Amino acid sequence: MAPKLSALLGKQIIVEDKPGASSMIGSQMVARATPDGYTLLMVDSTFLINPSLRSNMPYDTVKDFEPVIHLAVGPVILVVNPSVPAKNLRELVAEAKAHPGGLFFGSGGNGASTHLAGELFNLAAGVKITHVPYKGTGEAFAAVLANQVPMTYTGISSARPAIESERLRALAVTGEHRNVAMPNVPTFAEAGVPGVDSSTHWQILAPAGTPRSVVLRLNSDINKVLADPQIKTRVRALGYEVVGGTPEALAALNKEEIAKWAKVIHAAHISIQ
């Protein structure tokens, strides 16, 4: 979005990656920035999961930020190694119920979004598939390809080549509708397990205290960028759906997502110190 947004704002957009501590390093930097609209945070759903996972947050996820806009939603896809007998989600659920704890799923680590996706599926399907944490999402994905663990949850852009080459089998994808990038993969609801909404939400926030007029200007211009056909096409090709909308809609979404993940984390007894 940066070049088109720069043109609308008349200001150069500098994208600075600040990885580390599950997005908390970058988030803390923005929370402490001058609230003038010149420093913004672009982050995914990890931002909304952290409050329930960590007791030592260096900022308040709600009070220290002003919602600006919901950028896009990225579905999560459940993939299995072809050696797994289950050819669809119903067969996987039946297998899991027949052998509680006997099936395993890999994730990018304890408390990672891919871990929580698996725990949400466990709750929704009424099964117990055992979690196997790896040191990152890429390592978990490689483990499924190597048949070291039978399944994992991942993004469409990461899994698509392996699915198309039949090195992995896709069983279901999150979202209300099938994804345009993987139209042959049913949603979890279609496949028989509703309530598995572990999609990743990308958003932009500003430091608390940023003037309302600035937030609305940013929201308006970013909505214009998101409506650009080239941007939509590029985002959809990666498996994401453009959203847009108002700051109030994003604030409502964040409230719902924080509560949802708190319930999952509590039910699965997950904690990170």
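In case you missed it, the structure is sitting above this.
Remember, predicted model here, so these are calculated numbers, not experimental data.

Colleague: Help me get a handle on the overall build of the protein, residues and values and all.
Modeller: Scanning the protein from N- to C-terminus turns up 10 helices and 9 strands. Taken over the C-alpha trace, the protein has a radius of gyration of 19 Å; the compact-globule value for 273 residues is 19 Å, and the two agree within 12%. Oriented by its inertia axes, the alpha-carbon framework of the protein measures out at about 55 × 40 × 30 Å. The proportion of buried residues among the 273 residues of the protein is 48%.

Colleague: Can you lay out the pattern of salt bridges for me, pointing to particular residues and giving the numbers?
Modeller: In the structure shown here, the tally under the stated rule is 9 salt bridges. Here arginine 236 makes a salt bridge to glutamate 241, at a shortest N to O gap of 3.5 Å. Overlapping salt bridges, with partners in common, bring together Arg217, Asp221 and Lys224 in one network.

Colleague: Describe in detail the nonpolar core, supporting the description with residues and values.
Modeller: The biggest cluster of nonpolar side chains holds 24 residues, and the ones touching the most others in it are Leu89 and Phe121. Those elements that provide at least two residues to this core are β3 (76–80), α4 (89–98), α5 (113–125), β6 (151–155) and β7 (169–173). Among the elements that line this core, the one with the most residues is α4, at 4 residues. Other than its neighbours up to four places away in sequence, leucine 89 contacts Leu78, Phe121, Leu171, Ala172, Phe188, Ala191 and Val193.

Colleague: Report on the sheet that holds strand β2 (residues 65–74), specifying residues and quantitative values.
Modeller: Read from one edge to the other, the open sheet built from 4 strands follows the order β1-β8-β2-β9, with strand pairing classed as antiparallel. Whereas interior strands pair on both sides, the edge strands pair on one side only; in this sheet they are β1 (41–43) and β9 (241–242). Judged from the 8 bridges that link them, β2 and strand β8 (residues 200–207) form a sheet pairing that is antiparallel. Within β8, the residue paired with isoleucine 69 across the bridge is isoleucine 204. Along the sheet, helix α10 (residues 247–268) makes contact with β2 and β8, crossing β2 at roughly 75°.

Colleague: Break down α10 for me, citing the residues and quoting the values.
Modeller: Given a rise of 1.5 Å per residue, 22 residues ought to cover 32 Å, and the 32 Å separating the end C-alpha atoms of α10 matches this to within 8%. Looking at the packing, one finds that the buried side of α10 touches α3 (46–53), β2, α5, β8 and α8 (212–226). One or two steps after α10, the chain reaches histidine 269, where phi turns positive at roughly 55°.

Colleague: An account of the sheet that holds strand β5 (residues 130–133) is requested, with residue identities and associated values reported.
Modeller: With respect to topology, 5 strands assemble into an open sheet ordered β5-β4-β6-β3-β7, the strand pairing being mixed. Looking at strand neighbours, the two that pair on one side only are β5 and β7, the edges of this open sheet. For this sheet, the mean angle separating the axes of adjacent strands, direction not counted, is 35°. Alignment of strand β4 (residues 104–107) against β5, held across 4 bridges, turns out to be parallel. Looking at the pairing, phenylalanine 104 lines up with threonine 130 of β5. Here α4 sits on the sheet in contact with β3, β6 and β7, set at roughly 95° to β7. Running at roughly 130° to β6, helix α6 (residues 137–145) makes contact with β3, β4 and β6 of the sheet.

Colleague: Got a sec to walk through the packing of α3 against α10? Specific residues and values, please.
Modeller: At their nearest, the axes of α3 and α10 sit 8 Å apart, and the two run at 45° to each other. In this view, α3 runs oblique relative to α10, as classed from their interaxial angle. Between α3 and α10 lies a crossing of right-handed hand. Contacts between α3 and α10 involve Leu48, Ile49, Ser52 and Leu53 from the first element and Asn254, Glu257, Ile258, Trp261, Ala262 and Ile265 from the second. Considered class by class, the residues forming the contact of α3 with α10 number 7 nonpolar, 2 polar and 1 charged.

Parameters and conventions
Residues numbered from 1 in each chain as written. Predicted model: local features only at pLDDT ≥ 70, side-chain atom pairs only at ≥ 80, totals over all residues. Heavy atoms only, no water. Helix = DSSP H or I, 4+ residues; strand = E, 2+ residues; numbered from the N terminus. Rg over C-alpha atoms; globule rule 2.2 N^0.38 Å. Buried < 20%, exposed > 50% of the residue type's maximum accessible area, 1.4 Å probe, protein only. Salt bridge = Lys/Arg side-chain N within 4 Å of Asp/Glu carboxyl O. Core = buried A, V, L, I, M, F, W, Y, C linked by side-chain atoms within 4.5 Å. Contact = heavy atoms within 4.5 Å. Pairing = 2+ DSSP bridges. Axes fitted to C-alpha atoms, helices over the stretch in contact; angles between N-to-C directions. Expected span 1.5 Å × (residues − 1). Parallel < 35°, antiparallel > 145°, perpendicular 65-115°, else oblique. Left-handed = near helix turned anticlockwise from the far one by under 90°. Nonpolar A, V, L, I, M, F, W, Y, C, P; charged D, E, K, R; others polar.

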